[in-house]
Amino acid sequence: MNLPVEVLDAVREGRCVLFAGPRFASEAAELAGRAVPDDRKLARDLGWKRPRRIMGSAVRDKKPVTPSVVEGARIFEEAHGREALVGRMRLALGADGAAPTAAHRIALRRFDRIFTTAMDGLFEKAAAEAGHPLEVRYRGTEDAGPPAEGTALVKLRGGFEKPDSLVLTRADYERAPLPAPFRKAVRTMLRREVVFFVGYKPDEEDFELLWRELTECYGGELPRCHMAVAQGRIDDYLWQKWVWRGLLMFTADPVECLEELDARLEAGDG
């Protein structure tokens, strides 16, 4: 695994910020024997359908259409209501019955801030089991800084334990924009610290939406960031697309990545 020296040094010096993706939860669920849908399957399960082609359009075949979970959530909510949507999303992504993995435990020990777009409660469970102080913040928070002790977990899409906090549709994003003080704090953080994405895939909507919000906070293209790409190889198209935008990638699932990071830090490697 090509774990970046820049990340190792930053974690060692306490200036690395972890962005934990939904693969933390899906890996835990899979270890518990549960299958977890990827973005494309979940979007279709919610009711997303490929837009109809417009006859005579010269560009209709030029750009592939990616299934959208956000749009699927809108369709499902309109058909069945908000409570049903929350229940359906929790069934797919909540990791109920799964146990925290080594990735959750190591992340809590090694990082004072974890920003996540996952909506499950596995970090909270891991912290409770370890007696680790954890300050949970939701999307409306104005505080992006480290806590007085332990770790701050910033749930950017909300959590199933607090249904009113959930951001599932585009209308939810519009109703709950990131507060100005939070955006300012994130901008400062992006300038000063090393950002490490773990548990994401660069071709999924969840990561695209996160990157867009961080870019808006920063006010332009982000500084160099690092990503451990979960579950799969990085094809040439994605490599070129994201490297051009300043994202340096290598392949590793959350447990594999965090265990390697922990081992190398314990050994004084870097």
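Provided above is the structure to which this section pertains.
Rules behind the numbers
Residues numbered from 1 in each chain as written. Predicted model: local features only at pLDDT ≥ 70, side-chain atom pairs only at ≥ 80, totals over all residues. Heavy atoms only, no water. Pairing = 2+ DSSP bridges. Helix = DSSP H or I, 4+ residues; strand = E, 2+ residues; numbered from the N terminus. Phe/Tyr/Trp six-rings, centres within 6.5 Å; stacked < 30°, edge-to-face > 60°. Buried < 20%, exposed > 50% of the residue type's maximum accessible area, 1.4 Å probe, protein only. Salt bridge = Lys/Arg side-chain N within 4 Å of Asp/Glu carboxyl O. Axes fitted to C-alpha atoms, helices over the stretch in contact; angles between N-to-C directions. Contact = heavy atoms within 4.5 Å.

1. Let's talk about the pairing of strand 7 (residues 247-251)
Relative to strand 7, strand 6 (residues 225-229) is paired through five bridges, and the arrangement is parallel. What sits directly across from valine 229, in strand 7, is threonine 251.

2. Some thoughts on the packing of aromatic side chains
Evaluation of the coordinates by the stated rule reveals twelve aromatic pairs. Aromatic side chains phenylalanine 207 and tryptophan 211 sit 5.8 Å apart centroid to centroid with 50° between the ring planes, which places their arrangement in the tilted category. Here the residue phenylalanine 207 and the residue tryptophan 211 both occupy positions in helix 10 (residues 205-218), the gap between them amounting to four residues, near one helical turn. Across the pair, exposure class does not vary: phenylalanine 207 and tryptophan 211 are buried alike. Judged by centre distance (5.1 Å) and plane angle (75°), the rings of tryptophan 211 and tryptophan 242 are edge-to-face. On the criterion of sequence distance, the pair formed by tryptophan 211 in helix 10 and tryptophan 242 in helix 11 (residues 236-244) is long-range, its members being 31 residues apart. In this structure tryptophan 211 comes out as buried when scored by relative accessible area, which is 1%. Residue tryptophan 242 is classed as buried on the basis of its relative accessible area of 0%.

3. Side note on the pattern of salt bridges
Across all of its chains, the model carries 25 salt bridges by this definition. Residue arginine 175 pairs with aspartate 172 through a salt bridge whose shortest N-O separation is 2.3 Å. You can see arginine 175 and its partner aspartate 172 sitting in helix 8 (residues 170-175), three residues apart, about one turn around the helix. A residue is classified by how much of its surface remains accessible, and aspartate 172, at 5% relative accessible area, is buried.

4. Focus: the sheet that holds strand 2 (residues 113-116)
Strand order in this open sheet of seven strands is 3-4-2-1-5-6-7, and the pairing throughout is parallel. What marks the edges here is a single partner per strand, and that holds for strand 3 (134-138) and strand 7. Between one strand axis and the next, the sheet turns through 20° on average, direction left out of account. The sheet contact formed by strand 1 (residues 16-20) and strand 2 spans three bridges and is parallel. By the bridge assignment for strand 2, phenylalanine 19 is matched with phenylalanine 115. Against the sheet, helix 2 (residues 23-31) contacts strand 1 and strand 5 (194-200), and its axis sits at roughly 35° relative to strand 5. Sheet strands in contact with helix 9 (residues 180-192) are strand 1, strand 2, strand 4 (151-155) and strand 5, and its direction is about 115° off that of strand 2.

All quantities given are derived from atomic positions and should not be read as evidence of function.
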